[in-house]
Amino acid sequence: MAALNYAEQYQQYLEQEFPYVLYFGALFAAPNNGRYKWVDSQTIKVPTITTTGRVDGDRDTIGTRKRNYNNAWTPLILSNHRTWQTLVHPQDIDQTNQAASIANITRVYNEEQKFPEMNAYLISKLFADWTAEGFTADTTALTEDNVLTVFDAFMTQMDEKRVPRAGRILYVTPDTRTKLQNAKQIYRTLDISKANAAIKRAVTALDEVQIPESVPSDLMKTVYDFTEGWSVDASAQQVNMLLVHPQAVITPVSYEFAQLDPPSAGSQGKWDYFEESFEDVFILPHKHNALAFNVTAKA
């Protein structure tokens, strides 16, 4: 690793432009988290109940009593085990005017490594689990003329599968958002009076569907390499749109640990920071119809 730059004098904080955030924050805070029972340190069991339907009644006799429901359990086993650590020499902190403090280091690590990795893992894991169940992504090449047609088709598919309209979220890349804003079928009324001089063109919702801020295209891929940090895999396709209902997703964390040890003989006089987590992303059983992807087809 390159030595810290002692020649530059920084302020108490590092100015990192355009830090990454948890773009899929609504899914990481999905209401299913904490709803299901842990059976061991890495396994959640999700119950699925099925029942029979009603039959014609009979005023004159009593029907045969029997159990008319079944209960099955689906285990979800967490497999995403991640760690990160770093040593920091006290002189590195002093000689960079506190720029290399643990607080600054971990902040930059979170914003530029950990959070984007979590975003990348979520989108790629959802896509992998969804396609593993036999679902196929739409590969329509999106344009201003057809982007709403594709969106409407996704909505219709979910309506047919009785996925609640309320709560659906549409995640898009910046390019796809631009196409939505300029879509031929969208009509706008602009108030350009002096009292409202600002013209807002952003599309933040379609029908009942919320559209959060755009997700950078490098965090909307189908496959990543997580050997160290995250990088886009050579086989990855571009995800342009993901329509999803958060009720279909669970993002459990079974264990988190983070600790900063002061300089000691064991660390040869350095601060020692270490963190570890067991976490994962799943689509709940029988909820795969609550997701729909549009991807760019491989050439």
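Here the structure is shown first, and the text comes after it.
For clarity, every value in this text was computed on a predicted model and none was experimentally measured. (Residues numbered from 1 in each chain as written. Predicted model: local features only at pLDDT ≥ 70, side-chain atom pairs only at ≥ 80, totals over all residues. Heavy atoms only, no water.)

1. Some thoughts on the environment of Asp40
Tracing the backbone shows Asp40 in strand β1 (residues 37-40). Distance from Asp40 to Ile77, taken between C-alpha atoms, is 9.5 Å for residues 37 residues apart in sequence. (Helix = DSSP H or I, 4+ residues; strand = E, 2+ residues; numbered from the N terminus.)

2. Quick notes on the sheet that holds strand β2 (residues 43-51)
Pairing between sheet strands relies on hydrogen bonds along the backbone, with the strands arranged either parallel or antiparallel. The antiparallel open sheet is built from 3 strands, whose spatial order is β1-β2-β3. Unpaired on one side and paired on the other, β1 and β3 (69-77) mark the two borders of the sheet. Recorded for the sheet is a direction-independent mean angle of 40 degrees between the axes of neighbouring strands. (Pairing = 2+ DSSP bridges. Axes fitted to C-alpha atoms, helices over the stretch in contact; angles between N-to-C directions.)

3. Quick word on helix α4 (residues 147-160)
For α4, built from 14 residues, the straight-helix expectation of 20 Å at 1.5 Å per residue is met to within 8% by its first-to-last C-alpha distance of 20 Å. Taken from the residues just after α4, Arg162 is the one with a positive phi, measuring 60 degrees. (Expected span 1.5 Å × (residues − 1).)

4. With respect to the nonpolar core
Among the nonpolar cores identified, the biggest contains 49 residues, and Leu126, Leu170, Tyr171, Leu291 and Phe293 are the most heavily contacted of them. Not counting chain neighbours up to four residues away, the residues in contact with Tyr171 comprise Tyr23, Phe24, Ala26, Leu27, Pro212, Val215, Met220, Asn240, Met241, Leu242 and Val244. Core analysis: the second largest hydrophobic core is formed by 8 residues, Tyr36, Ile44, Val46 and Leu284 among them. (Core = buried A, V, L, I, M, F, W, Y, C linked by side-chain atoms within 4.5 Å. Buried < 20%, exposed > 50% of the residue type's maximum accessible area, 1.4 Å probe, protein only. Contact = heavy atoms within 4.5 Å.)

5. Details of the pairing of strand β15 (residues 291-295)
The buried count for β15 comes to 5 of 5 residues, which makes it a mostly enclosed element. The alternating pattern of β15 places Leu291, Phe293 and Val295 on one face and Ala292 and Asn294 on the opposite face, and all of these are buried. Sheet analysis places strand β10 (residues 239-244) next to β15, joined by 5 bridges and oriented antiparallel. Paired with Leu243 across the bridge in β15 is Ala292.

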